[in-house]
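# Structure assessment
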Amino acid sequence: MIMVNQSGTYTTFQAPSTLQNASNTTIMSDDRDDNLAKVQIAILAILFVCATLSNFLILFVLLKRRKHNALMHTFMINLCIADLVVAFFQVLPQLVWVVTDRFRGPDILCRLIKYLQVVGMFASSYMIVAMTFDRHQAICRPMLTYKKGVARWNVPVFVAWGASLVLSIPQIFIFSKTKLPTGTYECYGDFIEPWGTKAYITWMTTAVFVLPTLVIATCQVLIFKEIHDSIYLKSERITAMLKKKTQLVNGKDSQKSEVTTAMTKTIRMTMVIVLVYVVCWAPFFLIQMWSVWDPNAETERPVFVILMMLASLNSCTNPWIYTTFSSSVSNDLQQMFCCVRRGLRKNSIPEESCFTGTSTVPKDSLY
């Protein structure tokens, strides 16, 4: 969805018909702000390295612990994969385009990159939705979740990936390698003007950002309401039951709203991931909407260019947020770094404490 034009600034699209009628725009010029380009290269390089290393590292630790079948681990594995797609097919192509000043690959590469760019955006967003929905089901409908068994994660994860792959298909037909009036070629989207670009950006903003945010917010409100009822109203229900001298305990009522420490931790973790997602991506989508709905928008200013690049920072933060809230993952990382440090020392024998003993980890700490 993102591309870099010849001036080194970010834009989401540029139809050939628009180029032909805009001979004075920056995209028609071979001049670009070299200082801004250097800043872009530095930021994108840092983002790519951080996103790649952090997600690969956490993914490695999570895959080592997959035998424990922890549900949140499964969601985070898929979120790490989605963030790696963002790193390799969104951040890296941006970096290459800034360095080369224009798209250098064939038409099929243009279409493939544009497709995978949006797949990463959809997958990262929808995986957070899947995580939040799963927490809602576990808290608000515990008996239904229990009946589904350990394989219940398959549905939301598969739906998230399936929707991402399908909804990104239009990218293949919208974008192509196009010859510009200057004689050079770029990877551009062809839209029906004047409404095509507005419809495209509005749809992407709605599908990737607005609707997922609304679904997540709804689930979180229902979760907090259920927790409130569990904490503050549970004692009143117990008192009422004692007054009636009820001997039978309804299995559903006794199991419903039982919030363990591990579950509470995953709820807090999900909320932090959602807040960071909104903070990182909100400026990007706001600037995109401004650029298409306001004909006088000056969205190619350096401050806006940098803000849009920082949207990919979300792919760097997700694995470390999970590590912060997961005692098992953080412990494994500490032990792994311990072994690495000791292994680098000459003539040193790694101590037994350096090796992981995941089989002794309590069930609640698997989150």
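Throughout what follows, the structure given in this document is the object of discussion. (Residues numbered from 1 in each chain as written. Predicted model: local features only at pLDDT ≥ 70, side-chain atom pairs only at ≥ 80, totals over all residues. Heavy atoms only, no water.)

Next up on the list: the state of the cysteines. Counting across every chain of the model gives 1 disulfide. Here Cys110 engages in a disulfide with Cys187; their sulfurs sit 1.9 Å apart. Of note, the bridge from Cys110 to Cys187 carries an S-S torsion of about 80° and is right-handed in sense. Here Cys110, found in helix 4 (residues 107-140), pairs with Cys187, found in strand 4 (residues 185-189); they are 77 residues apart in sequence, far enough to count as distant. A single burial state applies to Cys110 and to Cys187, both of which are buried. No disulfide involves Cys280; its sulfur sits 8.7 Å from that of Cys316, the nearest cysteine. Here Cys280 falls in the buried class, since its relative accessible area comes to 10%. (Disulfide = S-S within 2.5 Å. Helix = DSSP H or I, 4+ residues; strand = E, 2+ residues; numbered from the N terminus. Buried < 20%, exposed > 50% of the residue type's maximum accessible area, 1.4 Å probe, protein only.)

This brings us to the environment of Leu53. Looking at the element boundaries, Leu53 is found in helix 2 (residues 34-64). A relative accessible area of 58% means that Leu53 is categorised as exposed. Spatially, the C-alpha atom of Leu53 lies 9.4 Å from that of Leu84, the residues being 31 residues apart in sequence.

Relative orientation of the contacting elements helix 4 and helix 6 (residues 154-167) amounts to 155°, with a least axis distance of 8 Å. By the angle class used here, helix 4 and helix 6 are roughly antiparallel. Here helix 4 runs over helix 6; the crossing is right-handed. In this structure, helix 4 uses Tyr115, Val119, Phe122, Ala123, Tyr126, Met127 and Ala130 to contact helix 6, whose residues at the interface are Pro156, Val157, Ala160, Trp161, Ala163, Ser164, Leu165 and Leu167. (Axes fitted to C-alpha atoms, helices over the stretch in contact; angles between N-to-C directions. Parallel < 35°, antiparallel > 145°, perpendicular 65-115°, else oblique. Left-handed = near helix turned anticlockwise from the far one by under 90°. Contact = heavy atoms within 4.5 Å.)

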